[in-house]
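Summary of the model geometry
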Amino acid sequence: MREDADFVSHGDRCAAWIYHPETPATGTTTPAPAIVMAHGFGCIRDLRLPAYAERFRDAGFVVVVFDYRHFGASDGQPRQLLDIGRQLDDWRSALAFTRTLPGVDQDRVIAWGTSFSGGHVLTLAGTGERLAGVVAQVPHVSGPAAVRATGLAAALRLTPAILDDLWRSVRRREPRYVPLVGRPGDAAVMTSPDADPAVDRLAADSGLRRSDFPDDVAARILVRIGFYSPMRHARRITCPALVQIATRDAITPAATARRAAERIPRGRHLEYPCEHFDPYVDPHFERIVADQLEFCLSLAGPAV
């Protein structure tokens, strides 16, 4: 019930999994609604996304889960290069690919994103992408808020790597990489107290070890994060949107996510007493995925 597939995004192959339901969400033989999913900042689809996808599939959705170019099983050189524009293009390619799949209703395609990709799906919905709905789990909505949450000391620790990688990019040399997560005081992108042990937990619950996947990223992206604010597009989102907020989030602050959600005309936000990485695992996973299912099934009737 899970098929390996791929699609092309601007000349590079993106790896995808397609989950096929046994029973359509509508309870009929009419084309099924679909959910397209991708992970957050620098992460690969293997890290707990199958747990969500299987629930959606069992509820009758066709589900497409993909890796961005430069990450995971997808092509693209150099590796671990996070470029916001390219990732948004990968999303558009993934959505277009999903609409071509046999048995998929082109008018009922939902975009599901988490953390950084939660910001991506809000950006797409607010800039003209045709979507039946959006699920944004602990989304990145404000560049300045993310920078403030990181703190000046953490930013200064990363500055030498950022400058070196920018120079390397000009000279077309191999990137300078920085760890995605670390302990407080480390030179890493995310150093909140919950970050490093959380990735260990995500890996273990996915049947992986930390050594099974790269957990770093080309440092140049850190210049761009402060300028990427998906909440600027919130008022132009016309489809229904579910925004899920972790009230103790030290990476994507809850207050800012709440303000962004309140700007979405057909938006709904739910809050959970947890930290940024908790939605992926028990005990919070069950409640969070149940709320996502309820929202998605509400969109699975006649084409919206």
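In short, a report on the structure. Everything quoted here is computed from the prediction, not taken from an experiment. (Residues numbered from 1 in each chain as written. Predicted model: local features only at pLDDT ≥ 70, side-chain atom pairs only at ≥ 80, totals over all residues. Heavy atoms only, no water.)

1. Overview of the pairing of strand S5 (residues 104-114)
Burial analysis of S5 places nine of its eleven residues in the buried class, the great majority of the element. Relative to S5, strand S3 (residues 32-38) is paired through six bridges, and the arrangement is parallel. Looking at S5, one finds that Ala 38 is bridged to Gly 113. Sheet topology note: the S5/strand S6 (residues 133-137) ladder contains five bridges and is parallel. Across the sheet, Trp 112 pairs through a bridge with Val 135, a residue of S6. With respect to chirality, the unit in which S5 leads through helix H3 (residues 116-126) into the neighbouring parallel S6 is right-handed. (Buried < 20%, exposed > 50% of the residue type's maximum accessible area, 1.4 Å probe, protein only. Helix = DSSP H or I, 4+ residues; strand = E, 2+ residues; numbered from the N terminus. Pairing = 2+ DSSP bridges. Right-handed = clockwise from strand over helix to strand, strands pointing away.)

2. Remarks on helix H4 (residues 143-150)
Turning to H4, its buried residues number three or more, namely Gly 143, Ala 145 and Ala 146. All buried residues of H4 lie within an arc of 165 degrees about the axis, which places them on one face of the element. Next to the buried residues of H4 lie helix H7 (254-263). Note on H4: the residue one or two positions beyond its end, Gly 151, has a positive phi of about 95 degrees. (Arc of directions from axis to C-beta. Contact = heavy atoms within 4.5 Å.)

3. So, the side chain of Thr 114
Summarising the element assignment, Thr 114 is placed in strand S5. Polar contacts involving the side chain of Thr 114 include one to the side chain of Gln 137, which spans 3.0 Å. (Polar contact = N/O pair within 3.5 Å; in protein donor to acceptor, adjacent residues only side chain to side chain.)

4. Side note on the sheet that holds strand S10 (residues 267-272)
Ordered in space as S1-S2-S4-S3-S5-S6-S9-S10, the eight strands form an open sheet in which the pairing is mixed. Strands at the two margins of the open sheet, each flanked by one partner only, are strand S1 (2-9) and S10. Averaged over all pairs of adjacent strands, the angle between strand axes in this sheet comes to 20 degrees, irrespective of strand direction. On top of the sheet, helix H1 (residues 49-58) reaches S1, strand S2 (12-19), S3, strand S4 (62-66), S5 and S6; it is set at about 175 degrees to S3, its chief contact. (Axes fitted to C-alpha atoms, helices over the stretch in contact; angles between N-to-C directions.)

5. Here we look at the pattern of salt bridges
With the rule as written, the count across this model stands at 19 salt bridges. Here Asp 90 and Arg 69 are joined by a salt bridge, their closest N and O atoms 2.6 Å apart. One end of the pair, Asp 90, is in helix H2 (residues 84-99); the other, Arg 69, is in the loop between S4 and H2, and 21 residues separate them in sequence. Residue Asp 90 is classed as buried on the basis of its relative accessible area, which comes to 1%. Across the pair Asp 212 and Arg 209 runs a salt bridge whose closest N-O atoms are separated by 3.2 Å. For Asp 212, a relative accessible area of 38% translates into the label partly exposed. Judged by relative accessible area, Arg 209 falls into the exposed class, the value being 56%. (Salt bridge = Lys/Arg side-chain N within 4 Å of Asp/Glu carboxyl O.)

By themselves, these figures tell us nothing about what the structure is for.
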